[in-house]
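The residues making up each chain are set out below.
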Amino acid sequence: MVDALRLALPFAEATVRQWWRPRLSAGLATLGAMLETGLTDRAARGRNLDELTLAVARERSRPAFGALFGHFAPRIKSYLMRLGTDPGQAEELAQEVMLLVWHRAETFDPTQASASTWVFTIARNKRIDAIRRERRPEFDPNDPALVPQPVEAADRAVEAGQETARLRAAIGALPEEQAELLRLAYFDDKPHSAISAERGIPLGTVKSRLRLALERLRRLLKEPV
Amino acid sequence: MIEPKYHPGEEILLDYADGSLSEPTALVVATHLALCPWCRRQVAELEAIGGALLEDEAPEPLSPNCLIEMMARLDDGSGSGEIRPGADRLPTPRPEPAPAPADLIRIPQPLRSYLDAPLERLDWRPVMRGIEEVDLGLGRAPVRTRLLRLRPGAAVPRHGHSGLEINLVLAGGYHDQRGRYRFGDVVVDDDSVDHRPVADRGGDCVCLSVTDAPLRMTGGLRRILNIPLFRR
């Protein structure tokens, strides 16, 4: 009897550990995400989004993922709703996007793009896949047929990690009519002609405002810090 | 390596980056990106703007169980993100063809994954004298996504366009009254263009061609898109 117990005990222990561990870390993650959303981004500022994504990639860190989820999922949901997805489906797709973040975290390269940019591209592609039911054609950076960058882009004065913060500040400083058109371009499928008709702005003005906004943001990316 | 001289233009790159281009046009743009480091940089910048806008979004509250469900899904191997969820609803991507022999034209990704054989072994159908095509069957009618092969010196009869036509030169070259187009160049023509393309001598000209493309943008400014706007 005692022997049987002795044999069974490690097994039971292991089972308990197996059962508890994911739940414990899920609990921690919940806590992390609650702090994150509750304390209006303070947690994200403490440990920035790039670091959190790297922690998911390197350590499969659930608390880090929970914090990323708390930050990005509500924004992805908002993005998808703007593009006409109903709230229920938007939330489901936001989960799908975050699941891809979890599984593809190793492919995140902070020298190429910030975590926000990386998540934006995943959300964009997920929408094309799930809502439009189309493939998203993309080049393969490892394709031998790819024409490589001649030299490391010298005009890239801003580190990818700082790019998002600088761009946000610059978007905030745009004239409102330019910023609004920019948001419509990214978050609305409407043709520019429809935007023009709806707002009573000539098509040429829609296009020139958009172009001005893009020029300004591009110039900023090339300026040294 | 000579870099392309004619680019899709900022509006098309923006529509590619923000995800509003339909698949046929996006295929032309993405294949051009493989050949054009400069446009890749533009798209990376436009995506960074998308990232900043996402960051600026007012968070939409999630339902109370959302995070718990999410954490549970991390353990659920079946929901693995490595396999595209929803892939079953999509047309099966064609298998990667065997690598093309070095003497054949190198087709970059993503176009390569849309072809089921090297260029020479595709099912080329004659269109008219000196011109053959392979229909990739992509896009809803009236959109057509085709590979076109022009024999050296072959001339396409003078034509206008009922919609937008976008060509990517994959081999050889052609010219019309506005310019000479070579490997990697993207040529955008709209209904205002009435032209007569002629293939260069010295080798077959192969293009990826999308006709009647439903671009998001409409209006009369398309013509200027084809001007190499951002020359360095």
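Since this is a predicted model, take the numbers as computed values, not measurements. (Residues numbered from 1 in each chain as written. Chains lettered and ligands numbered in written order. Predicted model: local features only at pLDDT ≥ 70, side-chain atom pairs only at ≥ 80, totals over all residues. Heavy atoms only, no water.)

A tally of helices and strands in chain B yields 5 helices and 9 strands. From first element to last, N terminus to C terminus, chain B shows the α and β order α-α-α-α-β-β-β-β-β-β-β-β-β-α. Out of the 232 residues belonging to chain B, those deemed buried represent 58%. Relative to all contacts within chain B whose residues are 6 or more apart in sequence, the contacts with residues 24 or more apart total 65%. Within the structure as shown, chain B displays about 10,100 Å² of accessible surface, and the carbon and sulfur contribution to it stands at 53%. (Helix = DSSP H or I, 4+ residues; strand = E, 2+ residues; numbered from the N terminus. Buried < 20%, exposed > 50% of the residue type's maximum accessible area, 1.4 Å probe, protein only. Contact = heavy atoms within 4.5 Å. Areas by Shrake-Rupley, 256 points an atom, 1.4 Å probe, with all protein chains shown as cover.)

Here we come to the packing of aromatic side chains. Enumeration according to the criterion identifies 8 aromatic pairs over all chains in this entry. Ring geometry for F65 of chain A against W102 of chain A: centres 5.4 Å apart, planes inclined by 75 degrees, an arrangement best described as edge-to-face. In this pair, F65 of chain A sits in helix α4 (residues 62-82) while W102 of chain A sits in helix α5 (residues 87-104), placing the two residues 37 residues apart along the sequence. The burial state of F65 of chain A is the same as that of W102 of chain A; both residues are buried. Between F108 of chain A and W118 of chain A, the ring centres sit 5.3 Å apart and the planes meet at 50 degrees, which makes this aromatic pair tilted. Placement of the pair is F108 of chain A in the loop between α5 and α6 (115-130) and W118 of chain A in helix α6, with a sequence separation of 10 residues. Across this residue pair, the class does not change: F108 of chain A and W118 of chain A are buried. Members of the aromatic cluster, connected to one another through ring pairs, are Y79, F120, Y186 and F187 of chain A. The ring of W102 of chain A carries R60 of chain A above its face, with NZ or CZ at 4.2 Å from the centroid. The side chain of R135 of chain A reaches across the aromatic face of Y114 of chain B, ending 4.2 Å from its centre. (Phe/Tyr/Trp six-rings, centres within 6.5 Å; stacked < 30°, edge-to-face > 60°. Lys NZ or Arg CZ within 6 Å of the ring centre and 35° of its normal.)

Taken together, the contact pairs 86 residues of chain A with 77 residues of chain B. Interface area for chain A against chain B, summed over the two sides, is near 7,800 Å², with a carbon-plus-sulfur share of 57%. Its largest share of buried area at the contact with chain B, chain A owes to R135, V147 and R218 of chain A, together 11% of the area lost on that side. Residue E10 of chain B is joined to R218 of chain A by a salt bridge in which the shortest nitrogen-to-oxygen separation is 2.2 Å. Inspection of the region where chain A meets chain B yields 34 residue pairs in polar contact (both at pLDDT 80 or more). Per-element accounting of the side of chain A that touches chain B gives the leading share, 14 residues, to α4 of chain A. When grouped by side-chain class, the residues that make up the side of chain A that touches chain B number 43 nonpolar, 12 polar and 31 charged. (Buried area = accessible area lost by both parts, 1.4 Å probe. Salt bridge = Lys/Arg side-chain N within 4 Å of Asp/Glu carboxyl O. Polar contact = N/O pair within 3.5 Å; in protein donor to acceptor, adjacent residues only side chain to side chain. Nonpolar A, V, L, I, M, F, W, Y, C, P; charged D, E, K, R; others polar.)

Moving on, we get to the pattern of salt bridges. Taken as a whole and assessed by the stated rule, the structure comprises 30 salt bridges over all chains. Of the charged contacts in the structure, one is a salt bridge between R60 of chain A and E106 of chain A, with a shortest N-O distance of 3.1 Å. Of this pair, R60 of chain A sits in the loop between α3 (49-59) and α4 while E106 of chain A sits in the loop between α5 and α6; the two residues are 46 residues apart in sequence, bridging distant segments of the chain. R60 of chain A sits in the partly exposed class, given a relative accessible area of 32%. The partner of D189 of chain B in a salt bridge is R178 of chain B, and the shortest N-O contact between them spans 2.6 Å. Residue D189 of chain B is found in strand β7 (residues 186-189), and its partner R178 of chain B is found in the loop between β5 (174-176) and β6 (179-181); the two are separated by 11 residues along the sequence.

A separate point is α4 of chain A. All names here are of chain A. An ideal rise of 1.5 Å per residue puts 30 Å on 21 residues; α4 measures up with 29 Å between its terminal C-alpha atoms. For α4, the side-chain oxygen to backbone nitrogen distance between the N-cap and A64 is 3.0 Å, and the N-cap itself is S61. Of the residues trailing α4, G84 is marked for its positive phi of about 95 degrees. (Expected span 1.5 Å × (residues − 1).)

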